Amino acid sequence: MRALVGISCCVKAFGIFNTPNHAASDSYVRVVLGPVGGVPVLVPAGGEGLVADILPRLDGLILTGSRSNVWPGHYDGPPHAEGTPEDQERDATTLPLIRGAIQAGVPLLAICRGMQELNVALGGSLDQRIQDLPRRMDHSTPSDQPIPLVRTGKAHAVRLAPGLLLAELAGRQEVPVNSLHNQGVQRLAPRLEAVGWAPDGTVEAVRVREARNFAWGVQWHPEYDWERDEFSRAIFTSFGAACAERAAARFVLQAAE
Ligand SMILES: N[C@@H](CCC(=O)NCCCC(=O)O)C(=O)O
């Protein structure tokens, strides 16, 4: 029985009437069907009310990347600059979903916006345009490059904390990653530990301290190049193993009912 792996959705307007849709990139569906080894389940931005009913049915949860940004009101930050995309319906779902998943021990992999949500959900804050901060790099999506290169191209190195999962999966302490973000960790949530850094000090990977299960976040996008990049693939197979273990335990419990 394959694991049911939740994928967080964004609310995006498209279609002939340009009306709201709950959507996630095909990259996440493909990676769950591939190295994660599960069945993807899109989790709509239906609000906190769906958390209690959906979490017991999930064996894993991926918090996806997105152009949109966490509403600053969730971390007492200043309002975004005019035109900065937000998705408050997504925030209203993912922030309680993250807290619930950590509490319940549902394996969790947070990617880019997802890592930022993880930090905010646990009490941290965000810098909104790190490229404007002194001595910081521009981590945003290069506008002069074609999408495939932006996704699979390597923008900078990440130094990984030695002896922890990511360094072990990488087999080394420094890895090249892509980079498609304007925002980044400002104040790290108390429950999080930074385990990866860009050359300018930007937090690029975190883990939940004393987590009951797999609970990691990365600021880059391993879902874009897992077919070519062994480290990217290893992140998902490691997450998938935790999901499979939970699925097996859940199956035994259901059979005993
Ligand atoms: N908006 C946040 C998070 C950036 C992020 O998740 N980028 C991936 C974008 C992929 C897509 O376009 O769907 C920030 O800018 O920091």
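Parameters and conventions
Residues numbered from 1 in each chain as written. Predicted model: local features only at pLDDT ≥ 70, side-chain atom pairs only at ≥ 80, totals over all residues. Heavy atoms only, no water. pLDDT = per-residue confidence, 0-100. Phe/Tyr/Trp six-rings, centres within 6.5 Å; stacked < 30°, edge-to-face > 60°. Core = buried A, V, L, I, M, F, W, Y, C linked by side-chain atoms within 4.5 Å. Buried < 20%, exposed > 50% of the residue type's maximum accessible area, 1.4 Å probe, protein only. Helix = DSSP H or I, 4+ residues; strand = E, 2+ residues; numbered from the N terminus. Contact = heavy atoms within 4.5 Å. Salt bridge = Lys/Arg side-chain N within 4 Å of Asp/Glu carboxyl O.

Would you mind going over the confidence of the model for the chain in detail, with residue names and values included?
Where the model shows low pLDDT, its predicted coordinates should not be examined in detail. The pLDDT averaged across the chain works out to 97; a share of 100% of its residues lies at or above 70. Across the interfaces of the predicted complex, the ipTM metric reaches 0.97, alongside a pTM of 0.98.

So what about the packing of aromatic side chains? Which residues, and what values?
Under the definition given, this model contains three aromatic pairs. Put simply, the rings of F214, W216 and F239 touch in pairs and so form one group of aromatic residues.

Quick rundown of the nonpolar core? Include the residues and the values.
In this structure, V5, I111, L160, L166, W220, F231 and F239 are the most contacted members of the largest nonpolar core, which totals 35 residues. Mapped by element, the contributors of at least two residues to this core are β1 (4–8), α1 (26–36), β6 (108–111), β8 (156–160), α6 (165–170), β9 (174–177), β13 (215–218) and α7 (230–256). Broken down by element, the residue count for this core peaks at seven residues, all from α7. Not counting the four nearest positions on each side in its chain, V5 is found in contact with V32, V36, G38, V39, P40, V41, L58, G60, L61, I62, F239 and C243.

Give me the lowdown on the pattern of salt bridges, citing residues and values where you can.
For the structure shown, the criterion picks out ten salt bridges. A salt bridge links R250 to D59; the shortest N-O distance between them is 2.6 Å. Highlighted residues: R250 in helix α7 and D59 in the loop between α2 (51–54) and β5 (60–63), separated in sequence by 191 residues. Like R250, the residue D59 is buried in the burial classification. Between K154 and D229 there is a salt bridge, with the nearest N and O atoms lying 3.5 Å from each other. Taken together, the residues K154 in the loop between α5 (147–152) and β8 and D229 in the loop between β13 and α7 connect sequence positions 75 residues apart. A single salt-bridge network, built from bridges that share partners, covers R90, D91, R113 and E117.

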